[in-house]
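A closer look at the structure
Spelled out from the first residue to the last, the chains are:
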Amino acid sequence: MNSAPSFVMKPDSALPIAKLRMLEPDARIMITVGEHPLQFRSIVSSHHLVEERIIRLQSYWLKANQKQEL
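To keep things clear, this report deals only with the structure shown in the data block. (Residues numbered from 1 in each chain as written. Predicted model: local features only at pLDDT ≥ 70, side-chain atom pairs only at ≥ 80, totals over all residues. Heavy atoms only, no water.)

**Comments concerning the side chain of Thr-32**
Heads up, the rule is: Labels follow the DSSP assignment, with helices taken as runs of H or I lasting at least four residues and strands as runs of E lasting at least two, numbered in each case from the N terminus. Working definition: with a 1.4 Å probe on protein chains only, accessible area under 20% of the residue-type maximum means buried, over 50% means exposed, and in between means partly exposed. Residues adjacent in sequence count toward polar contacts only when both atoms are side-chain atoms; beyond that, a polar contact is any pair of N or O atoms within 3.5 Å, and within protein one must be able to donate a hydrogen and the other to accept it. Here, two residues are considered to be in contact whenever any of their heavy atoms come within 4.5 Å of each other.
Considering the arrangement of structural elements, one finds Thr-32 in strand β3 (residues 28–35). Here Thr-32 falls in the buried class, since its relative accessible area comes to 9%. Here Arg-41 takes part through its side chain, which lies 3.4 Å from a polar atom of the side chain of Thr-32. Discounting chain neighbours no more than four positions away, the residues touching Thr-32 are Ile-17, Ala-18, Lys-19, Gln-39, Phe-40 and Arg-41.

**Points about the environment of Lys-19**
In this fold, Lys-19 is placed in strand β2 (residues 18–23). Under the relative-accessibility criterion, Lys-19 is labelled partly exposed at 30%. Measuring from C-alpha to C-alpha, the distance between Lys-19 and Val-33 comes to 6.5 Å, with 14 residues separating the pair along the chain. Side-chain polar atoms of Lys-19 contact the side chain of Glu-35, separated by 2.8 Å.

**Focus on the pattern of salt bridges**
Definition in use: Whenever a carboxyl oxygen of Asp or Glu lies within 4 Å of a side-chain nitrogen of Lys or Arg, that contact is scored as a salt bridge.
As enumerated under the stated definition, the model contains 3 salt bridges in all. Across the pair Arg-28 and Asp-26 runs a salt bridge whose closest N-O atoms are separated by 2.7 Å. By relative accessible area, Asp-26 is classed as partly exposed at 42%.

**Things to note about the packing of aromatic side chains**
Stated formally: Centres within 6.5 Å are what make two rings of Phe, Tyr or Trp a pair, Trp counting through its six-membered ring; a difference in plane orientation under 30 degrees is then read as stacked, over 60 as edge-to-face, and the rest as tilted.
Under the defined criterion, the tally for this structure stands at 1 aromatic pair. Relative to Tyr-60, the ring of Phe-40 lies with its centre 6.2 Å away and its plane at 55°, an arrangement referred to as tilted. With Phe-40 in strand β4 (residues 38–44) and Tyr-60 in helix α1 (residues 50–69), this residue pair connects regions lying 20 residues apart in the sequence. Judged by relative accessible area, which is 24%, Phe-40 ranks as partly exposed. With a relative accessible area of 40%, Tyr-60 lands in the partly exposed category.

Note that every value here comes from positions in space, so none of it alone points to a role or purpose.
Here it is in structure tokens:
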């Protein structure tokens, strides 16, 4: 089963919040950036990959958000 979101990261007010959720039983981490309909998700298998993946997902979100504003 999935656990409730355990951590929220908001490093910059212009960027969307990153929500982290621990997936059981293998302890992978699902990262969600943004809200529906402009939402990006990724799953990592190790904690040391989380920050890098958040940066990448926020970058995707910024690019997609710029396209929507045009």
